[in-house]
Amino acid sequence: MSTSKLIFISPESFESNIFFDNFQIFFVKLKSMEKTTQQTVNRGRAIVRTSILGIFANVLLAFFKAFVGIISNSIAITLDSVNNLSDAASSVITIIGAKLAAKPADKKHPFGYGRLEYLSAMVIAIIILYAGITSLVESVKKIISPQTPEYSAVSIIILSVAVVVKIVMGFYVKSVGEKVNSDSLVASGKDALMDSLVSFTTVIAAIFYLFAGVALEPYVGALISFMILKAGVETLVGTISEILGERAGAELARNVKKTISEIDGVLGVYDLVLNNYGPDSFIASVHIELDDSTTVVDVDKLQRKISKAVFEEHGIIISAVGVYPANTGASAASAVKNQILDYLKLYPSVLEMHGLYVDEEEKTLRMDIIIDFDEKDRGEQHKKIQQNIEEMFPQYKTSVQLDLDVTSL
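The structure reproduced in this document is the subject of the present report. Treat the numbers as computed from the prediction; the structure is a model and nothing was measured.

1. A look at the sheet that holds strand S6 (residues 397-403)
In step 1: The strand order S4-S5-S6 describes an open sheet built from 3 strands, whose pairing is mixed. For this open sheet the edge positions go to strand S4 (350-359) and S6, each flanked by a neighbour on one side alone. Within this sheet the neighbouring strands show an average axis-to-axis angle of 15 degrees, counted without direction.
In step 2: In this structure, S4 lies alongside strand S5 (residues 364-371), joined through 7 bridges in antiparallel fashion. Within S5, the position partnered with Asp359 by the bridge is Thr364.
In step 3: Where helix H11 (residues 378-392) meets the sheet, its contacts fall on S4, S5 and S6, and the angle it forms with S6 comes to roughly 155 degrees.

2. With respect to the environment of Lys179
In step 1: Looking at the secondary structure, you find Lys179 in helix H5 (residues 153-180).
In step 2: You can call Lys179 exposed: its relative accessible area is 75%.
In step 3: Sequence separation between Lys179 and Ala46 is 133 residues; the distance between their C-alpha atoms is 9.7 Å.

3. Section: the packing of aromatic side chains
In step 1: Scanning the model with the defined rule gives 2 aromatic pairs in all.
In step 2: Centroid distance Tyr343 to Tyr347: 5.5 Å. Interplanar angle 70 degrees. Geometry classified as edge-to-face. When sorted by exposure, Tyr343 lands in the same class as Tyr347, which is buried.

4. Here's the deal with the packing of helix H4 (residues 116-144) against helix H7 (residues 217-244)
Helix packing for two helices is described by the angle between their axes and how far apart those axes are.
In step 1: For the pair H4 and H7, interaxial distance at closest approach is 8 Å and the crossing angle is 160 degrees. With respect to their mutual orientation, H4 and H7 come out roughly antiparallel. Two packed elements cross with a definite hand, and for H4 against H7 that hand is left-handed.
In step 2: Of the residues assigned to the contact of H4 with H7, the class counts are 22 nonpolar, 8 polar and 2 charged.

5. Let's talk about the nonpolar core
In step 1: If you look at the biggest cluster of nonpolar residues, it comprises 22 residues, and the most contacted ones within it are Ile260, Val266 and Ile306.
In step 2: For this core, the secondary-structure elements that each account for two or more residues are helix H8 (250-261), strand S1 (268-276), strand S2 (282-291), helix H9 (296-314) and strand S3 (317-326).
In step 3: In this structure Val266 touches Ile260, Ser261, Ile288, Glu289, Leu290, Leu302 and Ile306, once residues within four positions along its chain are discounted.
In step 4: Leu344, Leu356, Met367 and Phe393 belong to the second largest nonpolar core, which has 19 residues in total.

6. Focus: the pairing of S3
In step 1: Sheet topology note: the S2/S3 ladder contains 9 bridges and is parallel. Paired with Leu290 across the strands is Pro325, a residue of S3.
In step 2: Of the crossover connections in this fold, the one passing from S2 over H9 to the parallel S3 is right-handed.

7. Section: the pairing of S4
In step 1: By the criterion of burial, S4 is predominantly enclosed, with 8 of the 10 residues buried.
In step 2: Linking S4 to S5, which pair antiparallel, is a turn of 4 residues; within it Lys363 sits at a positive phi near 55 degrees.

8. Some remarks on the pattern of salt bridges
In step 1: Here the structure, examined in full by the defined rule, presents 5 salt bridges.
In step 2: Across the pair Lys363 and Glu360 runs a salt bridge whose closest N-O atoms are separated by 3.0 Å.
In step 3: On the basis of relative accessible area, Glu360 is assigned to the partly exposed category, the value being 36%.

9. Considering the sheet that holds S3
In step 1: Strand order in this open sheet of 3 strands is S1-S2-S3, and the pairing throughout is mixed. Whereas interior strands pair on both sides, the edge strands pair on one side only; in this sheet they are S1 and S3. Across the sheet, the mean angle separating the axes of adjacent strands is 15 degrees when strand polarity is ignored.
In step 2: Bridge analysis of S1 against S2 gives 7 bridges, and the strand direction is antiparallel. Bridge pairing in S2 links Tyr270 to His287.
In step 3: Packed onto the sheet, H9 meets S2 and S3 and runs at close to 135 degrees relative to S3.

How each quantity is defined
Residues numbered from 1 in each chain as written. Predicted model: local features only at pLDDT ≥ 70, side-chain atom pairs only at ≥ 80, totals over all residues. Heavy atoms only, no water. Pairing = 2+ DSSP bridges. Helix = DSSP H or I, 4+ residues; strand = E, 2+ residues; numbered from the N terminus. Axes fitted to C-alpha atoms, helices over the stretch in contact; angles between N-to-C directions. Contact = heavy atoms within 4.5 Å. Buried < 20%, exposed > 50% of the residue type's maximum accessible area, 1.4 Å probe, protein only. Phe/Tyr/Trp six-rings, centres within 6.5 Å; stacked < 30°, edge-to-face > 60°. Parallel < 35°, antiparallel > 145°, perpendicular 65-115°, else oblique. Left-handed = near helix turned anticlockwise from the far one by under 90°. Nonpolar A, V, L, I, M, F, W, Y, C, P; charged D, E, K, R; others polar. Core = buried A, V, L, I, M, F, W, Y, C linked by side-chain atoms within 4.5 Å. Right-handed = clockwise from strand over helix to strand, strands pointing away. Salt bridge = Lys/Arg side-chain N within 4 Å of Asp/Glu carboxyl O.

Keep in mind that these numbers describe shape and distance, not what the molecule does.
Below, the structure written as structure tokens:
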């Protein structure tokens, strides 16, 4: 007759188990993914809710401005109403973009659809540009063939109310956009604030005509057109820049590096790369500096701790962790490092030196340097530094790798 035993594993011994390490990381990632998913849902709701409010306000303003523009024979007011309609269309596109971008990752797009928000912002920019070109053409026609406007006190009051509404909407939409990191909402908010300035200019032109009898309508319309075009170009250029791949913000990079550097055993954190797959969606890689006596098992444990900590605190997936060895108990390596650091002071454009390792057995010296992008010829300076360090330490085979400053630190 066989007997079975119930084996009790203490928490201390269980935590050291590799299976538990993997399970713990999976559990933390699962919780973080649930949290991130909920944040994505809340973010999408905020974008949609704000956009719907913008649609309602802009359609209402367009109706009143068009009515005032027609009865007063004012091209500037009429064009301003068209601009409101373009803003409403932008809000519709923002909603569509947010909905599509919130789609979960799938086999074809394993990193999700977050970048669709950038495309929706680009479409908004194109709509703004179209509105600007159309209004400019109409304004030029009125300059060539002027018409006399007919303002009333009621029309001026309606326009003044519209200015106040646009100011309130602009600040509200922009603040929500910044809060949820939505480029489309931020662009819409800025556009609304610009519209309020345009509408205010129209009111001033109307008051000037009532008192001075001089019609500035076509010229104000042309001014409005150029301001619309400027907003469209800025939005388009900014969106294209993000699609091409901008460097991550310095604050986020500092926070991620700080999280990694606080893990026991990590001597330095370098070469952090944050690849953007939509607002607040990053896949990262990083290099860490470790004691050269660190074993492969220890490196594996550190990599898992780093992945867990970064994902838990920042919602960022670490796809790869590279390693730089650091000389330990070697006074010769320390002396070499100090000499190189003193030499590099001659080059203000050298932002950082890291990954220095002196291998006495193979007689090799390797290191990485970061040269500022503002340096006119980074390649030539890198070549010169390589040659000079080789001359300083002829006993070593030297390798100086040129790294990139990708985190604005």
